[in-house]
Amino acid sequence: MQLPAGTYNISYGKDMAVVRTKTQWGLLIVLLICLFTVVPLFANGFWLSICMSIAIGTITVHGLNIMFGYCGLPSLGHFGFMAIGAYATALLTSNYGLPFWLAIPCAGIAAAIVGGFFGLGALRIKGFYIAVTTLAAQFIIGYIIVTFPDITGGIKGIHLPTPKLGSIVFDTDKVFYFIPMVTAVLMTFFALNLSRSRVGRAFVAIRDNDIAAQAMGIRLFPYKMLAFCIGCFYAGIAGSLLAYQITHISAEAFTGGWALMESIWLLGTLVIGGMGSTVGPIFGVILVEGLRQFSTWAGPELSYAFPNMASSLQAAFSPLLFGIVLMLFLVFEPRGLAHRWWLLKTSYRLYPFST
Amino acid sequence: MTIFMQLLLAGIMIGIVYGVIAVGFVIVYKASGIFNLAQGELVAIGAFIAWQLLNPFGLHPVLVIFLVLAAAFAIGWLLSIFPFKPVLGQSMFTLFTVSLALMIFLRGLVISIWSANEIRYFRPLQDDLPFFSPAPLRFGELAIYRQDILGFGLATILLLAFWAFFKYSRTGLAFRAVSENSHIAQSLGISLSKITALALAIGAMVAALGGVILGLKYGITVYVADLGLAALAAVLIGGLESITGAIIGGLIIGIVFSMSTYYIGHSIGDVAAFIVMIAVLFVRPHGLFGQKRIERV
């Protein structure tokens, strides 16, 4: 990677540092201050909810990125693993009264265990077989949620208690905002460092060619399992946060064809953002959230224009738009927004000598 | 025992439909390397086009079948031009993701034209086809619905037609050559893009026919597409590369489907299919008839 002019690596620690220059430190601090003071102080409810959706989406897509982008294990059931996280949170908090800071990691672990179970075959099966196995996992999870309404509440659902920490009650969006955002920042940091570690490099080797990786001494089964578990852990955390955000979860939101579509959207988001990079998921989630908001705005407008198909067009506009955008990305920029960002950065660094 | 036989019969009847849809997946995959998840949506589109021609336009059922097949052929061919042509030759996961994008897009298209929340039914067919009365045929203690026989018959005819096509026609030979080794086939003068287009068109035809039969049985909604996805389980049980495997996988899925809905519960249907699929994959990772590829680094 090209460094900014005048930056030299004079020690190993410097070479490995994530944040390299004073400008980068400054930008990072400004970004964090913006996220944690400016946004909650000045944003209204609408923008707060968008920011929270972006935070939660980022966590999920990071998980998917670790599985698919780094380790090459496609998951078509990520929303199903989110559902596991959501239900684990709901059950733990409403039945056993766990505090939220304990319930969220527990939800992640629950999702990781379930995901690991479906990943058990991951050593033997490959590629599309894994994709369809996770798709199957999603249907099975949905079936379990619907079939055992005594535990999961079925259609009626479960209501989550308001998260509390000491005297702070996270009951309004302005206060609750901090939980998903802090988690998202931490999880992003973890994902970034994971990709630079021994484990991350092993994942990349497995993705590029698993037989070659095995020949180099990387044991496939533990690493593939680990990728599965970490990916599902992320999904579980995100599901838990989602449950807290919507405060009431029911079978309708997590099952059936709807859930499958949601999983495919997540995969598409990853592709739009750029697989195998840590900034990719963030870009992807922001763009897709933008598309979602645009289509909720444009759907009604369109239905004025074509009144004879009004109701159906409102429901269908966002999948139509997303499908087209995703196809265009795959045709014209299969490496996603992250690649564009990288090009932009490189050309900025070499300015005025860049093309 | 009668109940068991009846369930088995029903399972075979529906299983052949899943088998046909699964064959569509396999044909597309073998000829072009596209693991086309949008196949499920094509199932729904086939059902909806048939409904459109039959109910509002009021055409004769036999004519409808041919028109649906023609429309599906055209749709498949169009899909090969966009979005598949620009990405052809890229990694399999790129193709796979393109098919996911297509799936979302087509679902949106179906919803925007025919709306999501209505169940539609074909108009009763006995006006045009006198033998098609709603009463089931009886063989001893077993009963078969005529619509099942129609579906079974159509599916079998289609399978036989494809078998003959792949075995005896020149294009069929080109197909087999491409699935064997696309590079060598290309160097011998076979147009890869044409074969891909044809594969997608045939896949769409097969899917559309499956959609019509499923629509006859369950009514027509967007969610017929999810039933079409259950054929994925059939594909993987049989093995991705095997057409015979797809048909047998379909039969297994059909039988599992009808048995489990009766013995376990109504809603388990396609979930049971997926559970069986996972079990099979644990034991035989490449499916029952799939090739175990010898890979080189």
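Residues numbered from 1 in each chain as written. Chains lettered and ligands numbered in written order. Predicted model: local features only at pLDDT ≥ 70, side-chain atom pairs only at ≥ 80, totals over all residues. Heavy atoms only, no water.

## Observations concerning the packing of helix H1 (residues 2–32) of chain B against helix H5 (residues 146–168) of chain B
Residues and elements named next belong to chain B.
Step number 1: At a closest axis distance of 9 Å, the pairing of H1 and H5 adopts a crossing angle of 35°. Seen along the crossing, H1 lies across H5 with a hand that is left-handed. Contact with H1, carried on its side by Ile 12, Met 13, Ile 16, Val 20, Val 23 and Ile 27, involves Asp 148, Ile 149, Phe 152, Ala 155, Leu 158, Leu 159 and Phe 166 of H5 and no other residues of that element.
Step number 2: Looking at the contact of H1 with H5, its residues break down into twelve nonpolar, no polar and one charged. (Axes fitted to C-alpha atoms, helices over the stretch in contact; angles between N-to-C directions. Helix = DSSP H or I, 4+ residues; strand = E, 2+ residues; numbered from the N terminus. Left-handed = near helix turned anticlockwise from the far one by under 90°. Contact = heavy atoms within 4.5 Å. Nonpolar A, V, L, I, M, F, W, Y, C, P; charged D, E, K, R; others polar.)

## Focus on the state of the cysteines
All names here are of chain A.
Step number 1: Overall, the coordinates contain zero disulfides over all chains when judged by the stated rule.
Step number 2: This cysteine, Cys 51, is not joined by any disulfide, and Cys 34 carries the nearest cysteine sulfur, 11 Å off.
Step number 3: For Cys 51, a relative accessible area of 17% gives the class buried.
Step number 4: Here Cys 229 is not cross-linked by a disulfide; its sulfur's nearest cysteine counterpart is in Cys 232, at 6.9 Å.
Step number 5: The class of Cys 229 is partly exposed, set by a relative accessible area of 24%. (Disulfide = S-S within 2.5 Å. Buried < 20%, exposed > 50% of the residue type's maximum accessible area, 1.4 Å probe, protein only.)

## Regarding the interface of chain B and chain A
Step number 1: Each side of the interface is counted separately: chain B has 48 residues, and chain A has 48 residues.
Step number 2: A combined buried area of about 4,200 Å² lies between chain B and chain A, and 83% of that area is made up of carbon and sulfur atoms.
Step number 3: Summed over the three residues of chain B that lose the most area to chain A, namely Phe 93, Ile 104 and Phe 282 of chain B, the buried surface amounts to 15% of that side.
Step number 4: Where chain B packs against chain A, one counts zero salt bridges.
Step number 5: Across the contact surface, chain B and chain A share one residue pair in polar contact (both at pLDDT 80 or more).
Step number 6: Sorting the residues of the side of chain B that touches chain A by element identifies helix H3 (61–87), helix H4 (92–114), helix H9 (224–238) and helix H11 (269–283) of chain B as the ones contributing at least two each.
Step number 7: When residues of the side of chain B that touches chain A are assigned to their parent elements, the largest contribution, 17 residues, is made by H4 of chain B.
Step number 8: Looking at the side of chain B that touches chain A, its residues break down into 35 nonpolar, nine polar and four charged. (Buried area = accessible area lost by both parts, 1.4 Å probe. Salt bridge = Lys/Arg side-chain N within 4 Å of Asp/Glu carboxyl O. Polar contact = N/O pair within 3.5 Å; in protein donor to acceptor, adjacent residues only side chain to side chain.)

## Section: the pattern of salt bridges
Pairing between side chains becomes possible if they bear opposite charge and their charged atoms approach one another.
Residue and element names in this part refer to chain A.
Step number 1: If you walk through the whole model with that rule in mind, you get six salt bridges over all chains.
Step number 2: Between Arg 207 and Asp 208 there is a salt bridge, with its nearest N and O atoms 3.1 Å apart.
Step number 3: Residue class for Arg 207 comes out partly exposed when judged on its relative accessible area of 34%.
Step number 4: As a salt-bridge pair, Arg 292 and Glu 262 come within 3.4 Å of each other at their nearest N and O atoms. Here Arg 292 is found in helix H15 (residues 279–305), whereas its partner Glu 262 is found in helix H14 (residues 256–273), with 30 residues between them in sequence.
Step number 5: Taking relative accessible area as the criterion, Arg 292 reaches 29% and is therefore assigned partly exposed.

## Topic: the packing of helix H3 (residues 45–70) of chain A against H15 of chain A
Residues and elements named next belong to chain A.
Step number 1: Where H3 meets H15, the closest approach of the two axes is 8 Å, and the angle between their N-to-C directions is 135°. By the angle class used here, H3 and H15 are oblique. Our pair here, H3 against H15, has a crossing hand that is right-handed. For the pair H3 and H15, the contacting residues are Phe 46, Ile 50, Ser 53, Ile 54, Gly 57, Thr 58, Val 61, His 62 and Asn 65 in the first and Pro 281, Ile 282, Val 285, Ile 286, Glu 289 and Gln 293 in the second. (Parallel < 35°, antiparallel > 145°, perpendicular 65-115°, else oblique.)

## Focus on a nonpolar patch on the surface
Residues and elements named next belong to chain A.
Step number 1: On the surface, Trp 25, Leu 28, Ile 29, Leu 31, Ile 33, Val 38, Leu 41 and Phe 42 cluster together to form a nonpolar patch covering roughly 810 Å² of accessible area.
Step number 2: Summarising the element assignment, Ile 33 is placed in helix H2 (residues 22–42).
Step number 3: On the accessibility criterion, Ile 33 (45% relative accessible area) is partly exposed. (Patch = residues over 30% accessible without salt bridge, like charges linked within 9 Å, V, L, I, M, F, W, Y side chains within 5 Å. Areas by Shrake-Rupley, 256 points an atom, 1.4 Å probe, with all protein chains shown as cover.)

## Observations regarding unusual backbone geometry
Step number 1: Between Phe 82 of chain B and the following residue, Pro 83 of chain B, the backbone shows a cis peptide bond with an omega angle of 10°.
Step number 2: The topology assignment puts Pro 83 of chain B in helix H3.

## Things to note about the environment of Glu 252 of chain A
Residue and element names in this part refer to chain A.
Step number 1: For Glu 252, the position within the fold is in helix H13 (residues 251–254).
Step number 2: Separated by 81 residues in the primary sequence, Glu 252 and Glu 333 place their C-alpha atoms 35 Å from one another.
Step number 3: If we ignore the near neighbours within four places in the chain, the residues touching Glu 252 are Ile 155 and Trp 258.

## Describing the packing of aromatic side chains
Step number 1: Summed over the entire model, instances satisfying the criterion amount to 30 aromatic pairs over all chains.
Step number 2: Pairing Phe 294 of chain A with Trp 297 of chain A gives two aromatic rings, centres 5.9 Å apart and planes at 40°, and the pair type is tilted. A residue pair is termed a helical-turn pair when its members lie 3 or 4 positions apart in one helix, as Phe 294 of chain A and Trp 297 of chain A do in helix H15 at three residues.
Step number 3: Ring centres of Phe 25 of chain B and Phe 35 of chain B lie 6.2 Å apart, and the angle between their planes is 35°; on these two criteria the pair is classed as tilted. One end of the pair, Phe 25 of chain B, is in helix H1; the other, Phe 35 of chain B, is in the loop between H1 and helix H2 (39–54), and ten residues separate them in sequence. There is no split in this pair, since Phe 25 of chain B and Phe 35 of chain B are both buried.
Step number 4: One aromatic cluster is present, formed by Phe 68 and Phe 128 of chain A together with Phe 25, Tyr 29, Phe 35, Phe 93 and Phe 96 of chain B through successive ring pairs. (Phe/Tyr/Trp six-rings, centres within 6.5 Å; stacked < 30°, edge-to-face > 60°.)

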